[in-house]
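Coordinate analysis (summary)
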Amino acid sequence: MTSEKLPLPADGQRDEAEPGLGLEQEITMETARDGWDSKVEYFLAQVGFSVGLGNVWRFPYLCHQNGGGAFILLYVLLMVLVGLPLFFLELAAGQSIRQGSIGVWRHISPKLVGIGYSSCVVCFFVALYYNVIIGWSIFYLGSSFKYPLPWENCPTEGNRTVKECAASSPTAYFWYRKALDITDSIDETGEFNLIITGCLLAAWVIVCLAMYKGIKSTGKVMYFSSVFPYVVLLCFLIRGVTLDGASEGIRFMFYPRLEIWADVQVWRQAATQVFFALGLGFGSVIAYSSYNPRNNNCHRDAFTVSGVNFMTSVLATLVVFAVLGFRAKTIATECVKRNMNALSEAMSSTPFPDLLINASEVEDMTLNEYEHWYRTQGQQLSIPGYNITACSLEEELKQGVEGTGLAFIAFTEAMTLFPGSPFWSVLFFLMLLNLGLSTMFGTMAGILTPLTDTFKTLRNHKFLFTACSCAVGFLIGLMFTQRCGNYFVTMFDDYSATLPLIMVVIFQTLSVAWVYGADRFLEDLKRMLDRPVPVVYKYLWKYVCPIAMLGLLGASLLKMILERPTYIAWNREKASKEVLPYPGWALGVLSTLIAIAFLPVPIGYIHYLLLERFSQSPADTEAGYMPCATTDLTPLDTLPPSGGDPSSFSPFLQENQDTHLQNGHIEHFESSRV
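Residues numbered from 1 in each chain as written. Predicted model: local features only at pLDDT ≥ 70, side-chain atom pairs only at ≥ 80, totals over all residues. Heavy atoms only, no water.

Identification of the protein chain as Transporter from Onychostoma macrolepis is taken from an unreviewed UniProt entry. Quoted verbatim from the Sequence similarities (unreviewed entry) field of the UniProt record, the comment on the protein chain reads "Belongs to the sodium:neurotransmitter symporter (SNF) (TC 2.A.22) family." UniProt's Subcellular location (unreviewed entry) comment on the protein chain is quoted here verbatim: "Membrane". (UniProt positions renumbered as here; feature names shortened; annotations may be inferred.)

Description of the pattern of salt bridges
Under the criterion given, the structure shown has 14 salt bridges. Residues glutamate 248 and lysine 329 are paired through a salt bridge, measuring 3.1 Å at the closest nitrogen-oxygen approach. Placement of the pair is glutamate 248 in helix α13 (residues 246–254) and lysine 329 in helix α16 (residues 298–347), with a sequence separation of 81 residues. Taking the relative accessible area as the measure of exposure, lysine 329 reaches 19% and is therefore buried. Note that glutamate 413 and arginine 327 form a salt bridge whose closest N and O atoms lie 3.5 Å from each other. Here the residue glutamate 413 occupies a position in helix α19 (residues 403–415), and arginine 327 occupies one in helix α16, the gap between them amounting to 86 residues. One exposure class covers both glutamate 413 and arginine 327, and it is buried. Via salt bridges that share partners, Glu164, Arg177, Asp181, Arg483 and Arg572 belong to a single interconnected network. (Salt bridge = Lys/Arg side-chain N within 4 Å of Asp/Glu carboxyl O. Helix = DSSP H or I, 4+ residues; strand = E, 2+ residues; numbered from the N terminus. Buried < 20%, exposed > 50% of the residue type's maximum accessible area, 1.4 Å probe, protein only.)

Observations regarding helix α24 (residues 498–529)
When the terminal C-alpha atoms of α24 are compared, their 33 Å separation across 32 residues is substantially less than the 46 Å that a helix rising 1.5 Å per residue should span. Where α24 bends most, at glycine 517, the angle is about 95°. Among the 32 residues of α24, 23 are classified as buried, and the element is accordingly described as predominantly covered. Immediately downstream of α24, the backbone of aspartate 530 shows phi near 60°, a positive value. (Expected span 1.5 Å × (residues − 1). Bend = angle between axes of the 7 residues up to and from the residue.)

With respect to the packing of aromatic side chains
Evaluation of the coordinates by the stated rule reveals 51 aromatic pairs. Both rings, one in tyrosine 140 and one in tryptophan 175, keep their centres 6.1 Å apart while their planes meet at 50°; by these two values the pair is tilted. With tyrosine 140 in helix α7 (residues 113–143) and tryptophan 175 in helix α9 (residues 170–179), this residue pair connects regions lying 35 residues apart in the sequence. Just as tyrosine 140 is buried, tryptophan 175 falls in that class too. Between the aromatic rings of phenylalanine 411 and phenylalanine 428, the centroid separation amounts to 4.5 Å while the plane-to-plane angle is 10°, which identifies the pairing as stacked. (Phe/Tyr/Trp six-rings, centres within 6.5 Å; stacked < 30°, edge-to-face > 60°.)

Considering the state of the cysteines
Applying the stated criterion across every chain yields a total of 2 disulfides. One disulfide bridge connects cysteine 154 with cysteine 165, the sulfur atoms lying 1.9 Å from each other. On the S-S bond that ties cysteine 154 to cysteine 165, the torsion sits near -85°, and the link is left-handed. In this pair, cysteine 154 sits in the loop between α7 and β3 (156–157) while cysteine 165 sits in helix α8 (residues 163–167), placing the two residues 11 residues apart along the sequence. Two residues share a disulfide in this structure: cysteine 335 and cysteine 391, whose sulfurs sit 1.9 Å from each other. Taking the sign of the S-S torsion, -70° for the link of cysteine 335 and cysteine 391, the bridge is left-handed. Taken as a pair, cysteine 335 in helix α16 and cysteine 391 in the loop between α17 (367–376) and α18 (393–397) lie far apart in primary sequence, 56 residues in all. (Disulfide = S-S within 2.5 Å.)

Quick look at the packing of α7 against helix α10 (residues 194–211)
Two elements in contact, α7 and α10, have axes separated by 8 Å at closest approach and are oriented at 110°. When the axes of α7 and α10 are compared, the pair comes out roughly perpendicular. Classified by chirality, the crossing of α10 by α7 is right-handed. Where α7 approaches α10, its residues Ala127, Asn131, Val132, Ile134, Gly135, Trp136, Ile138 and Phe139 are matched on the opposing element by Ile195, Ile196, Cys199, Leu200, Ala202, Ala203, Trp204, Ile206 and Val207. (Axes fitted to C-alpha atoms, helices over the stretch in contact; angles between N-to-C directions. Parallel < 35°, antiparallel > 145°, perpendicular 65-115°, else oblique. Left-handed = near helix turned anticlockwise from the far one by under 90°. Contact = heavy atoms within 4.5 Å.)

Details of the UniProt feature "binding site: Na(+)" (unreviewed entry) in the protein chain
According to UniProt, the "binding site: Na(+)" (unreviewed entry) feature falls on Gly48, Val51, Asn55, Asn309 and Leu435. Spanning 388 residues, the annotated positions come together in the fold, the maximum distance between their C-alpha atoms being 12.4 Å. Here asparagine 55 lies in helix α3 (residues 53–57). Exposure remark for asparagine 55: the relative accessible area of 2% places this residue in the buried category.

What follows is the structure, given as structure tokens:
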């Protein structure tokens, strides 16, 4: 908020209008925080933040690895019982208190202000590595304008194919050697990758330009960044279902295996995906909803955004496995042809009278026929100079379906098989770029909004603060552009956010349900929404959600304790991936990240106790901290015309309230600044 002083009238006028005001007093008017220009902007922002890269490459992988359709049922169950209530809680808290995460938890209890700061720290960690992924997308987007695509064929040295590429694949070689130029382990740092560094700089510049005016500029960008990915997904779906092998891929994807429900780790993975899919604990949901008018139906928004998020995950899964099914069938079919040609060549010199398959009819042979023959006879054959291998569609579908392996290796390889492959590649990486940016905007809002709400100096220099935040993010992010940078991205992704965010959400839920009181909060929501909120939320917030989150925290901690943290490295000599344990110093780094992210919670509590002990108000220690708006907005057309005369404000000033202009409304709350 910014303060504006109204000019005082002449003495006579003052006496008539405001007899109680002294000569030295001035009327201070404070303009309120920004608001969304329309409900559409807000909805696109929330959807854009919650629907990110994880919906495209993490959800399909988990669904594939953990029982297909059975995992989806488990995901929906946890979404309804845990995800949706917690998402509604954050929406309602932000909208009712109208502050960022720091102000919200300070409002509920000054002892809990550390929760908001912890959310800011986690958002900063996530922003550091998330923008690197956006930088990779920019690099691949630029490379997609070449024909043929640079990852379509292996390069040559003289008359020979590069050994590393020949032993792996053109797409894997381009990713690990050309894009990342990766080292063999995290212990080998290597020099900076200048191209990726430039792409990272471009990503931060885009974020800064989109956010320099806060939600006023971000909201406009969302019209494209949130909608365009759906256009691309629909294009890929229409193209994908027409490909040979798409039905096999989709059938393989959704075949239910209910026995996985007995595995505790599957529940952990499903809960973690629900947790991150909705963006719980980041403070971004709170920040976005705090710009809403108080009578906005946030209960309906919770259902709508959660539903769109889930349907997007399912849509992305259909697209991914339609395309990967085509890729897998193409590779498996080529494998069958290669083996049958080798068998025919071997039979020309050494006949096999008892062969159970006709090697000359390779064009008419199905994958099922070949797999049956290989299991019954082919794997027992020993032909000198020839290697007859298995050709399995299922095994091919398992290759490279997680994270960067899906986006930058498996999917790029599939697109090289499309007619007009550069066009599809441009669409795909432009989609990844927009998915990443819309999530990045929300992540940065989780940092900027609570800090500018809390500190007047930052609020008065919002553009400078945004630019400096982006500059610091770029400078620290240079660690990810080293040749070993991909390993640090993996470390941050796996450990810097998961445990701290789970703990933050546990404290958030306990704060509202037990410290503030679930009944009291529901009454607040009833007054705010002008309709009762189902009482079932009381029991979900007080019992179901805390127990579920504590179970998730326990399972995650046990996994870390019982299994030494590992990462996937690329071995240049073997031209293959290998799983390596983190060295001791790396374990120290990831432990430090977890500690730094969570430390604000106990520090905030101790800080409050110390201030209370020395009889100092916690609010006094935060320069420029403003009270939260707690009343509805008054339409501008209900105000009397002022005509520049400050006496026209007296009916509102007599109630000892501040008045704030916001999007055609006057926002007022109890104060004593007259």
